[in-house]
Amino acid sequence: MRKLILVMVSLIVVITAMAQNGQRGKITIKVLNEAQQGLENATVELLKSKDSTLVKAAITGKDGLAELDNIPTGAWLLRITMLNYVRHFTQRLTLTSEKPEINLPAVSLTPATASQMKEVTVTARKPFIQKLSDRIVMNVDNSIVNVGSSALDVLERSPGVLIDPNDIISLRGRQGVIIMIDGKITPMSGADLINMLRSLPSNSIERIDIITNPSARYDAAGNSGIIDIRMKKDQRLGANGTLTAGYGQGVFPKANTGATFNYRNKKVNLFGSYNYGYRKNLNHLMLKREFFKDGNYDGAYDQDNYMKIPINTNTARFGADFFPNKKSIIGFVLNGTLTNLNRSNNNRSLVLNNVKDPESSFITNTTEKTRFKNALGNINYKYTFDSTGRELTADVDYGIFNNNSDSRFITGFYSLIGQPIKPEYKLTGDQEGKITIATVKADYTHPLNKTIRLEAGFKTSFVETDNDVVFYDVSNNTPQYDSSKSNHFNYKENNNALYINFNKEFKKISLMAGLRAEQTNMEGLQQVNNIGFDSSYLQIFPSIFLTYKLDPEKAMGLSVSRRIDRPNYSELNPFRFFLDPSTYSSGNPYLKPQLTWSCELSYTVKQLSFTLAYSHTKQNTTVVIRPSETEDKVTVQIPVNLNSYSYYGLTVAAPFRFTKWWNAINNANLYYGHYNGNLANTTLDNGRPAANISTNNTFTLPKGWTLELNASVNTGGQYGFMKLDPQWQISPGVQKTVMNKKGTIRLNVTDIFWTNLPRAVVEFSNYIEHWHAKRESRVANLSFTYRFGKNTVTAARRRSTASEEERRRAGS
């Protein structure tokens with residue numbers, strides 16, 4: 001811990017010294033009203049004396065004070081404005097190296113007369129952060145701080161949003177956030193999504209909506225939240241794009257390269273991308289598994305599992321929007337992914353008897369080759385009836401997701417002196433999977449007047465999965481079909497949804513009330529045992545959102561909604577993935593959807609945000625590591641339904657700007673999760689408090705240099721029957737813009753002390769497991785991005801499809 005503190009202090013001292021070399025001067029002024037009291041929220045603008053060019057601006061505080069710092073030497077003017085007051089200019093000011101600071105005398109603004117008011121056209125300026133009935137709105141175009149940033153930078157400054165060193169975006173401490181552009185979910189994820197956000201300039205963004213409790217307009221699935229990036233309606237023409245390349249080194253190497261392009265004229269907008277990634281990953285897992293029978297110790301496995309996983313991924317995307325007239329847009333999007341994954345695994349297990357003495361060992365070597373081939377096509381349409389906001393949008397999707405896995409397992413059994421004690425066990429597997437998705441959806445918006453808006457829509461989806469799992473015992477060199485491990489599972493699902501939303505704006509209160517109905521039909525068949533099921537159900541999902549505006553920068557909000565999380569298709573898939581003969585993971589064809597009631601109470605003041613949250617989930621889906629019900633001393637990782645899960649949370653987002661060159665984004669999520677259920681003769685009725693705290697510090701230095709220092713602490717907590725130990729990490733990075741700001745070079749080291757490693761204990765009445773893992777959380781990354789063409793060209797209208805929820809459940 002002393003080393004950690006010393007490194008952090010040293011970094012900040014060095015950064016401070018470097019940054020101070022770029023500081024030059026400061027101007028301070030106090031603005032008063034006609035009663036000679038400090039005037040809050042007046043705008044003080046710094047102008048060049050020779051041509052009145054605007055350089056920067058500041059807003060006065062409660063005491064009427066405003067500071068403009070880091071100003072170059074030279075001649076300047078100040079322009080001071082405030083609604084309902086006459087504009088004021090100062091005399092010419094001169095900053096020199098001998099006189100780097102100027103403290104101006106107080107300035108009293110004069111109230112504007114009626115005739116002066118008539119000559120002024122007043123434009124309402126929205127605050128940087130607004131709390132509406134169902135979301136927090138970041139008005140990016142109204143923020144001086146965000147000028148020159150990327151969409152990713154803006155998200156990091158947003159209340160409750162955290163981007164960890166592995167480029168995973170979370171909201172209120174929960175991962176799985178949906179990213180949308182212009183109200184449509186982007187199909188990108190992982191590094192592709194982060195690269196897209198990094199290449200998207202903030203000056204093309206109008207606002208960002210942060211929706212922690214989505215309304216009836218959105219699919220009822222998921223409760224992690226939505227981030228919707230709304231683009232400016234820019235019609236400028238031309239082409240642009242990016243080229244990227246990167247290399248990373250952890251225990252094993254990683255590399256990536258890619259390109260994006262966007263072209264627009266008056267009749268068509270073409271866009272596309274291609275990305276290639278290679279990652280060789282490590283998972284070094286150490287376990288101690290203890291078994292009990294009738295309360296007595298019955299033996300254990302002490303295991304060391306070393307896994308290497310090289311992955312090659314190719315992703316391509318192409319689409320177009322056509323503009324036949326000013327009211328209509330017709331478009332299509334094609335997405336494709338090809339992934340090859342080769343897993344090699346060495347597992348060494350020491351067998352202990354019922355008096356805890358070693359008695360034998362077994363060693364398993366595994367090779368597995370897996371191939372994913374995914375393709376999805378989308379056709380979309382948008383019609384704008386008039387300028388009031390009345391519009392109709394529609395999407396049609398069709399996608400196919402294929403995967404194939406060939407595996408081979410060889411296990412040798414040995415005495416304590418290394419002599420074989422029985423023949424080798426050899427197992428081969430061939431697993432084929434296919435998912436087909438077809439989806440149609442439409443949304444209609446109809447403003448009744450300036451304060452009332454109705455929304456309505458429907459969605460229909462059809463999904464089929466076919467998973468064939470075949471295992472052969474080849475211990476005698478003659479393949480013998482293993483019916484205990486083989487399976488053939490077919491599944492069909494049809495979802496039909498209707499929704500309506502009512503929106504009303506009062507003077508200080510905003511109301512949104514919605515209702516969504518989803519009807520589900522599903523059937524499944526396990527062909528090996530001819531066991532099937534057939535089920536249909538109708539669920540209603542109400543939602544209501546209230547916001548009370550205390551003043552332009554303060555608001556309180558209340559939201560209540562009901563949500564559903566259906567199992568991912570991989571969670572329903574009975575495929576088995578073996579670690580060794582005593583351990584495997586599998587899906588659960590009988591997994592049920594979980595249903596959640598969520599409630600939030602929030603308070604926002606300027607950039608500070610406080611949110612109290614409560615949710616209660618029935619049939620909570622939890623992945624557990626449990627003893628097998630049918631095999632002795634075999635452990636299974638499998639998703640199951642527990643009775644319920646209750647969540648109580650407090651989220652605090654506190655961005656803070658220490659100086660013009662040092663900006664900190666601080667987030668804290670304090671929560672308690674309580675589980676209730678019964679599994680493997682073990683009753684679960686408890687939970688643990690936990691906290692996720694993070695700070696991301698950005699240091700903007702002269703000549704295009706930027707430094708970053710990220711730190712986070714996760715106190716652990718509980719996940720089902722598993723209790724997690726704390727983890728922490730520190731990640732430094734540096735960035736330099738080159739080539740006339742068209743190129744960016746980045747260097748960073750994630751988890752520089754290699755401390756962000758998981759460790760946990762799993763407890764059942766007849767089984768206890770202690771495990772910890774070494775994974776490649778520490779990676780040094782070097783990347784280069786080059787932007788070509790016009791930076792002002794608007795991105796395409798949409799980047800999403802109608803089947804995003806179905807694709808998420810496909811688990812690709």
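Residues numbered from 1 in each chain as written. Predicted model: local features only at pLDDT ≥ 70, side-chain atom pairs only at ≥ 80, totals over all residues. Heavy atoms only, no water.

## Quick look at the overall build of the chain
Our working definition: The helix and strand labels rest on DSSP assignments: H or I over at least four residues marks a helix, E over at least two residues marks a strand, and numbering proceeds from the N terminus. Three labels apply to residues, based on accessible area from a 1.4 Å probe with only protein chains included: buried if under 20% of the type maximum, exposed if over 50%, partly exposed otherwise in between. Contacts between residues were defined by any pair of non-hydrogen atoms, one from each residue, lying within 4.5 Å. We get accessible surface area from the Shrake-Rupley algorithm with a probe of 1.4 Å; when it comes to residues, only the shown protein chains can shield them.
Scanning the chain for helices and strands turns up six helices and 48 strands. Considering the chain as a whole, with its 812 residues, one finds that 48% of them fall into the buried category. For the chain, contacts bridging at least 24 residues in sequence account for 65% of all contacts bridging at least 6. Counting every atom, the chain has about 38,400 Å² of accessible surface; 56% of that belongs to carbon and sulfur.

## A look at unusual backbone geometry
Notably, N477 is not glycine yet its phi reads approximately 65°, a positive angle. Structurally, N477 can be placed in the loop between β26 (452-473) and β27 (480-481).

## Re the pattern of salt bridges
Selection rule: What makes a salt bridge here is a side-chain nitrogen of Lys or Arg within 4 Å of a carboxyl oxygen of Asp or Glu, nothing more.
Summed over all chains, the structure comprises 14 salt bridges. The partner of E505 in a salt bridge is K549, and the shortest N-O contact between them spans 3.9 Å. Of this pair, E505 sits in strand β28 (residues 487-505) while K549 sits in strand β30 (residues 531-551); the two residues are 44 residues apart in sequence, bridging distant segments of the chain. According to the relative accessible area criterion, E505 is partly exposed, its value standing at 36%. Of the residues examined, K549 reaches a relative accessible area of 28% and is grouped as partly exposed. Salt bridges sharing common partners tie together R516, E518 and R566.

## Considerations on the packing of aromatic side chains
Pairs of aromatic rings are described using the distance from one ring centre to the other and the angle between the two planes. Put simply, the rule is: Two rings from Phe, Tyr or Trp (for Trp, the six-membered ring) form a pair when their centres are within 6.5 Å of each other. A pair whose planes differ by under 30 degrees is stacked, one over 60 is edge-to-face, and the rest are tilted.
As enumerated under the stated definition, the model contains 25 aromatic pairs in all. Note on F489 and Y491: the rings are 6.3 Å apart at their centroids and 25° apart in plane angle, and the pair reads as stacked. Take F489 and Y491: they sit in the same class, and that class is buried. Centroid distance W661 to F699: 6.4 Å. Interplanar angle 35°. Geometry classified as tilted. Of this pair, W661 sits in the loop between β38 (644-657) and β39 (662-679) while F699 sits in strand β40 (residues 682-700); the two residues are 38 residues apart in sequence, bridging distant segments of the chain. Since its relative accessible area comes to 9%, W661 is described here as buried.

## Regarding a negative patch on the surface
The test is simple: By definition, no residue in a patch forms a salt bridge, and every one has over 30% relative accessible area; like charges are joined within 9 Å, nonpolar side chains (Val, Leu, Ile, Met, Phe, Trp, Tyr) within 5 Å. Counting rule applied: Lys, Arg positive; Asp, Glu negative; His and chain ends not counted. By convention, the point assigned to a charge is CZ for Arg, NZ for Lys, CD for Glu and CG for Asp.
A contiguous patch of negative charge, built from E464, D466, E523 and D534, is present on the exposed surface. In this structure, D466 sits in strand β26. Taking relative accessible area as the criterion, D466 reaches 35% and is therefore assigned partly exposed.

## Notes on the nonpolar core
Let me state the cut-off plainly: Remark: nonpolar core denotes a set of buried residues (Ala, Val, Leu, Ile, Met, Phe, Trp, Tyr, Cys) joined through side-chain atoms within 4.5 Å.
Ranked by size, the top nonpolar core spans 36 residues in total, and within it F721, F764 and W771 carry the most contacts. Excluding anything up to four places from it in sequence, W771 contacts L285, M286, L287, M722, P758, R759, A760 and V762. In this structure, I27, V44, L68 and L104 belong to the second largest nonpolar core, which totals 21 residues.

## Topic: the confidence of the model for the chain
This is how it is decided: Values of pLDDT, which run from 0 to 100, indicate the predictor's confidence residue by residue.
Mean pLDDT over the chain stands at 82; residues scoring 70 or higher make up 82%. Segment residues 142-149 is flagged for pLDDT under 50; beyond a separation of four residues in sequence, or across chains, it makes 17 contacts in the model.

## So, the environment of T451
Short version of the rule: Any pair of nitrogen or oxygen atoms within 3.5 Å is treated as a polar contact; in protein, a donor-acceptor pairing is required on top of that, and neighbouring residues in sequence qualify only through side-chain atoms on both sides.
Turning to its location among the elements, T451 is positioned in the loop between β25 (420-447) and β26. Each C-alpha atom, one on T451 and one on S510, is 9.4 Å from the other, the two residues being 59 residues apart in sequence. Aside from chain neighbours lying at most four places away, what touches T451 is N503, K504 and E505. Separated by 3.1 Å, the side chains of T451 and K504 make a polar contact.

## Regarding the pairing of strand β35 (residues 608-618)
To keep things clear, this is the line we draw: Criterion used throughout: strands pair if DSSP finds at least two bridges between them.
Only one face of β35 is buried, namely the one carrying S609, T611, A613, S615 and T617, since none of L608, F610, L612, Y614, H616 and K618 on the opposite face is buried. Across 11 bridges, the pairing between strand β34 (residues 594-605) and β35 is antiparallel. In the strand pairing of β35, W597 is matched with H616. Taken together, the 10 bridges between β35 and β38 define a ladder with antiparallel strand orientation.

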